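The primary structure of each chain is shown beneath.
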Amino acid sequence: MPAYVIADLTVTDPATMEEYRKQVPATLIPYGGRFLVRGGAHQTVEGDWKPNRLVILEFPNLEQAKRWYSSEEYREPLAMRLRAGRTNLVMVDGLPPT
């Protein structure tokens, strides 16, 4: 069953975040992860949520998403992202293929 990492980022250090953005794609490959959304225009249709920059990653399953997040490959980029801004991040199971 696929799983998704959904992040709402507020960037406070654009230069560091740009370096982070360059490093992340290679960290996803060993865990079968890929970007579905990486910024871009969005519109709040209901509620009070005002996301800044949305990112959605897809992984083959929740275990792979967790392994990526705590991996050696992602350790440095994660520290970089934490320095470069504030993030709300969730991991969620998707639906099985139909």
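### Observations concerning the packing of aromatic side chains
On inspection of all chains with the given rule, the structure shows five aromatic pairs. Taken together, Tyr20, Phe59, Trp68, Tyr69 and Tyr74 form an aromatic cluster joined through their ring pairs. The cationic tip of Arg38 hangs over the ring face of Phe35; the distance from NZ or CZ to the ring centre is 4.2 Å.

### A closer look at the sheet that holds strand β4 (residues 85-93)
In space, the four strands of this open sheet follow the order β2-β3-β1-β4, with antiparallel pairing throughout. Taken across any chain shown, the strands that pair with only one partner, and hence form the sheet edges, are β2 (34-38) and β4. Taking the axes of each pair of neighbouring strands and ignoring which way they run, one obtains an average angle of 20° across the sheet. Where β2 and strand β3 (residues 53-59) come together, four bridges link them in antiparallel fashion. Each residue of the ladder has a partner; that of Arg38, found in β3, is Val55.

### Some details on the nonpolar core
Ranked by size, the top nonpolar core spans 17 residues in total, and within it Leu57, Phe59 and Trp68 carry the most contacts. Of all elements in the fold, only β1 (3-11), α1 (14-28), β3, α2 (62-69) and α3 (72-84) reach the threshold of two or more residues within this core. Residue contacts for Phe59: discarding those within four places in its chain leaves Pro2, Ala3, Val5, Leu28, Tyr31, Gly32, Gly33, Gln64, Ala65 and Trp68.

Parameters at a glance
Residues numbered from 1 in each chain as written. Predicted model: local features only at pLDDT ≥ 70, side-chain atom pairs only at ≥ 80, totals over all residues. Heavy atoms only, no water. Phe/Tyr/Trp six-rings, centres within 6.5 Å; stacked < 30°, edge-to-face > 60°. Lys NZ or Arg CZ within 6 Å of the ring centre and 35° of its normal. Pairing = 2+ DSSP bridges. Helix = DSSP H or I, 4+ residues; strand = E, 2+ residues; numbered from the N terminus. Axes fitted to C-alpha atoms, helices over the stretch in contact; angles between N-to-C directions. Core = buried A, V, L, I, M, F, W, Y, C linked by side-chain atoms within 4.5 Å. Buried < 20%, exposed > 50% of the residue type's maximum accessible area, 1.4 Å probe, protein only. Contact = heavy atoms within 4.5 Å.

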